[in-house]
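Tertiary structure, described
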Amino acid sequence: MRGASGAGRPTKDELAAAADRTIPDLIAPGLDVLFVGINPGLWSAATGWHFARPGNRFWPALHRGGFTPRQLHPSEQAQLPGLGLGITNMVARASARADELTPAELVTGAEILTGKVAHYRPAWVAVVGVTAYRIGFARPKAGFGPQPETLAGARLWVLPNPSGLNAHFTPETLGAAFGELRAATAG
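The residue numbers shown here count from 1 along each chain, following its written sequence. Per-residue local features of the predicted model are confined to residues with pLDDT of at least 70, and side-chain atom pairs are confined, for both listing and counting, to 80 or more; whole-chain, interface and lining totals are unaffected and use all residues. To get the side-chain values, take all heavy atoms of the structure and skip hydrogens and water.

The name that an unreviewed UniProt entry assigns to the protein chain is G/U mismatch-specific uracil-DNA glycosylase, with the source organism given as Micromonospora palomenae.

Okay, the nonpolar core next. Residues Phe35, Leu62, Leu159 and Leu181 are the most contacted members of the largest nonpolar core, which totals 23 residues. Between two residues, a contact is recorded if the distance between any of their heavy atoms is within 4.5 Å. If we skip the residues at most four places from it in the chain, Leu62 touches Phe35, Phe67, Thr68, Leu80, Leu85 and Phe178. Buried Ala, Val, Leu, Ile, Met, Phe, Trp, Tyr and Cys residues form a nonpolar core when they are joined through side-chain atoms within 4.5 Å. The classification of residues rests on relative accessible area computed with a 1.4 Å probe and restricted to protein chains. Under 20% of the type maximum is buried, over 50% is exposed, and intermediate values are partly exposed. Residues Val36, Ile38, Leu106 and Ala142 belong to the second largest nonpolar core, which totals 22 residues.

What follows is about the environment of Leu80. A helix here means a DSSP run of H or I that spans at least four residues, while a strand means a run of E at least two residues long, and both kinds are numbered starting from the N terminus. Mapped onto the secondary structure, Leu80 falls in the loop between helix H3 (58-64) and strand E2 (85-89). Residue Leu80 is classed as buried on the basis of its relative accessible area, which comes to 0%. Spatially, the C-alpha atoms of Leu80 and Phe67 are 9.2 Å apart, while their sequence positions differ by 13 residues. For Leu80, the residues in contact, after removing those within four places along its chain, are Leu26, Trp59, Leu62, Thr68, Leu72, Leu85 and Ile87.

In this section: the pattern of salt bridges. A side chain of one charge can pair with a side chain of the opposite charge if their charged atoms are brought near each other. We define a salt bridge as a contact between a side-chain nitrogen of Lys or Arg and a carboxyl oxygen of Asp or Glu at a distance within 4 Å. Scanning all chains against the criterion turns up 7 salt bridges. Between Arg64 and Glu172 there is a salt bridge, with the nearest N and O atoms lying 3.3 Å from each other. Here Arg64 is found in helix H3, whereas its partner Glu172 is found in helix H6 (residues 171-186), with 108 residues between them in sequence. What makes Arg64 partly exposed here is its relative accessible area of 46%. Judged by relative accessible area, Glu172 falls into the exposed class, the value being 51%. Here Glu76 ties to Arg70 by a salt bridge, and the two come within 2.5 Å at their closest N and O atoms. A relative accessible area of 40% places Arg70 in the partly exposed class. One network of salt bridges, in which partners are shared, links Asp20, Arg93 and Glu105.

All right, on to the packing of aromatic side chains then. Working definition: rings of Phe, Tyr and Trp (its six-membered ring) pair if their centres are within 6.5 Å, and the pair is stacked with planes under 30 degrees apart, edge-to-face with planes over 60 apart, and tilted otherwise. Summed over all chains, the structure comprises 9 aromatic pairs. Centroid distance Phe35 to Phe67: 5.4 Å. Interplanar angle 85°. Geometry classified as edge-to-face. Here Phe35 is found in strand E1 (residues 33-37), whereas its partner Phe67 is found in the loop between H3 and E2, with 32 residues between them in sequence. Each member of the pair, Phe35 together with Phe67, is buried. With 5.2 Å between their ring centres and 90° between their planes, Phe58 and Trp59 make a pair best called edge-to-face. For the pair Phe58 and Trp59, a shared accessibility class is recorded, and that class is buried. Through successive ring pairs, a cluster of aromatic residues spans Phe35, Phe51, Phe58, Trp59, Phe67 and Phe178.

So, about the sheet that holds E2. Note: strands within a sheet are paired through backbone hydrogen bonds, in either parallel or antiparallel orientation. Note: two strands are recorded as paired if DSSP finds a minimum of 2 bridges between them. Strand order in the open sheet formed by 5 strands is E2-E1-E3-E5-E4, with mixed pairing between adjacent strands. A strand with exactly one partner marks an edge of an open sheet, and here the two such strands are E2 and strand E4 (145-151). Geometrically, the sheet is characterised by an average inter-axis angle of 25° between neighbouring strands, direction not taken into account. Pairing of strand E3 (residues 124-128) with strand E5 (residues 154-159) involves 5 bridges; the strand directions are parallel. If you follow Ala126 over to E5, its bridge partner there is Trp157. Inter-axis angles, ranging from 0 to 180 degrees, are taken between N-to-C directions of lines fitted to C-alpha atoms, where helices are fitted over the stretch in contact.

Checked against the element boundaries, Gly136 lands in helix H5 (residues 130-136). Spatially, the C-alpha atom of Gly136 lies 10.0 Å from that of Thr102, the residues being 34 residues apart in sequence. Setting aside residues no more than four positions away along its own chain, Gly136 makes contact with Met90, Leu106, Val107 and Ala110.

This is the structure we're talking about:
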């Protein structure tokens with residue numbers, strides 16, 4: 001990983017300066033799965049790479065779930081569209097923790113996401129974080145896995161948040177959850 005300083009990791013000053021920044025979506029027309037993070041963390045905003053913080057388990061879960069032939073480093077995210085995968089976020093602005101977001105930001109983010117899905121037409125949308133999904137889409141009882149509704153024509157799935165702060169899921173159980181989605185997309 002490289003911070004703006006060119007060092008192996010962002011400095012404290014670079015991380016502090018990353019608050020409220022945005023990073024570009026990794027999106028293309030007709031993807032198999034568009035993964036939707038809650039919002040970029042400071043490491044992601046400082047590096048420009050999605051799910052970049054060490055300890056975030058997105059990349060290992062993506063591989064364990066069968067979406068990638070090997071575990072990719074966040075700096076290799078540009079390979080995802082070639083695998084039919086993309087990444088965006090419910091809320092564009094970076095923060096240290098997802099719980100810094102307001103419900104209004106999540107609702108607005110869900111509306112923006114709906115527009116992106118209508119434009120890019122992925123087959124599946126996988127929201128990575130059930131609480132953000134529940135709030136953003138006003139589905140307070142939603143659980144993990146396939147959802148009964150679609151989003152702008154795309155099938156909808158909710159995955160656990162892969163943040164290292166989410167102690168409810170181990171790397172193995174996260175990988176299994178991603179694997180369930182992978183099996184559904186192949187079927």
